[in-house]
Amino acid sequence: ATPVGTIMPDADDIVGCPQDSAWFLIPGNGQRLFEATTAIGTATTANFSFYRFEIKPANSGLDFAPIGGDYTQSVTNGPLGEILPFTFAPGEYRFRLTVFDNTNTMRSLCEVTIWITEPPLTPTPIGSVN
C-alpha cells in the first residue's frame, strides 16, 4: 500500500508555483491521494479577489475544471482547503491552484501532478486476544 504523502518520482514538471503568490507545500508534485487531504501553501496577489482549485486528467487534452468553490481569503503558508478525491476515478491528474485579482484576472498559478488511488487495504486481525 502507498500512504498519502508518498511522492512518485516520475511526476510531470511543476508549472508556476512562485512561493510568494501561488504555491503548494501539500500536495507535493507526484503525491498519491486516497482520502480527504488539506492543501497547504500560499494563495495571494496584489488586489487579491479569490483563488480556486482546478483539476484535469493528465495527458488528456481536456481543459482544467474548477473543483469546490472559490476561496475569498488570501492565505500565506497555511491551509488552503480540502482536496476530496472520492468523486474521481483512480489515475494521474494535473491539479492546480489559480489566484485572481479584483479584475478577475488570473495572476498566479501552481500546477502539480497528483495520483488519486484506492485506499490501502487494512489488515484483518487473525483471531482475538483474550
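Residues numbered from 1 in each chain as written. Predicted model: local features only at pLDDT ≥ 70, side-chain atom pairs only at ≥ 80, totals over all residues. Heavy atoms only, no water.

1. Details of the overall build of the protein
In step 1: Helix and strand counts for the protein stand at zero helices and nine strands.
In step 2: Along the protein, helices and strands appear, N-terminal first, in the series β-β-β-β-β-β-β-β-β.
In step 3: Dimensions of the protein, computed from C-alpha atoms along their principal axes, come out at roughly 65 × 35 × 25 Å.
In step 4: Look at the contacts in the protein between residues 6 or more apart in sequence, and 67% of them connect residues 24 or more apart.
In step 5: For the protein, the accessible area works out to roughly 7,400 Å², and carbon and sulfur atoms hold 53% of it.
In step 6: Here the protein contributes 6 positively and 13 negatively charged side chains, and the mean placements of these two sets differ by 5 Å. (Helix = DSSP H or I, 4+ residues; strand = E, 2+ residues; numbered from the N terminus. Contact = heavy atoms within 4.5 Å. Areas by Shrake-Rupley, 256 points an atom, 1.4 Å probe, with all protein chains shown as cover. Lys, Arg positive; Asp, Glu negative; His and termini not counted. Charge placed at Lys NZ, Arg CZ, Asp CG, Glu CD.)

2. Some thoughts on the confidence of the model for the protein
The predicted structure's coordinates, where accompanied by low pLDDT, should not be read in detail.
In step 1: Mean pLDDT over the protein stands at 90; residues scoring 70 or higher make up 92%.
In step 2: Mean pLDDT values over the elements of the protein span from 92, in strand β1 (residues 15–16), up to 98, in strand β5 (residues 48–57). (pLDDT = per-residue confidence, 0-100.)

3. Observations concerning the sheet that holds strand β4 (residues 37–43)
In step 1: Taken in spatial order, the three strands make up an open sheet running β2-β4-β7, and their pairing is antiparallel. Each edge of the open sheet is held by one strand with a lone partner, namely β2 (22–26) and β7 (75–83). Taken over all neighbouring pairs, the strand axes of this sheet differ in orientation by 35 degrees on average, direction set aside. (Pairing = 2+ DSSP bridges. Axes fitted to C-alpha atoms, helices over the stretch in contact; angles between N-to-C directions.)

4. Section: the state of the cysteines
In step 1: The final tally for this structure, using the stated rule, is one disulfide.
In step 2: Note on cysteine connectivity: Cys17 is disulfide-linked to Cys110, with sulfurs 2.0 Å apart. Between Cys17 and Cys110, the S-S torsion sits near 85 degrees, and that sign places the bridge as right-handed. With Cys17 in the loop between β1 and β2 and Cys110 in strand β9 (residues 106–116), this residue pair connects regions lying 93 residues apart in the sequence.
In step 3: Residue class for Cys17 comes out buried when judged on its relative accessible area of 13%. (Disulfide = S-S within 2.5 Å. Buried < 20%, exposed > 50% of the residue type's maximum accessible area, 1.4 Å probe, protein only.)

5. Structural notes on the side chain of Arg94
In step 1: Along the polypeptide, Arg94 turns up in strand β8 (residues 91–101).
In step 2: Classification of Arg94 by relative accessible area gives buried; the value is 6%.
In step 3: A polar contact is formed between the side chain of Arg94 and the side chain of Glu111, at a distance of 2.9 Å.
In step 4: Of note is the side chain of Arg94, whose polar atom sits 2.5 Å from the side chain of Thr113.
In step 5: Among all residues touching Arg94, those that are not within four sequence positions of it are Asp12, Asp13, Val15, Asn29, Glu54, Ile55, Lys56, Ala58, Phe64, Glu111, Val112 and Thr113. (Polar contact = N/O pair within 3.5 Å; in protein donor to acceptor, adjacent residues only side chain to side chain.)

6. Thoughts on the pairing of β9
In step 1: Here β9 lies mainly inside the structure; nine of its eleven residues are buried.
In step 2: Direction of pairing for strand β3 (residues 31–33) relative to β9: parallel, over a ladder of three bridges. Pairing of Gln31 across the sheet is with Ile114, part of β9.
In step 3: Where β8 lies against β9, ten bridges are found, and the strand directions are antiparallel. Bridging from a neighbouring strand, Arg96 pairs with Glu111 of β9.
In step 4: Two successive antiparallel strands, β8 and β9, enclose a turn made up of four residues, where Asn104 displays a positive phi of approximately 60 degrees.

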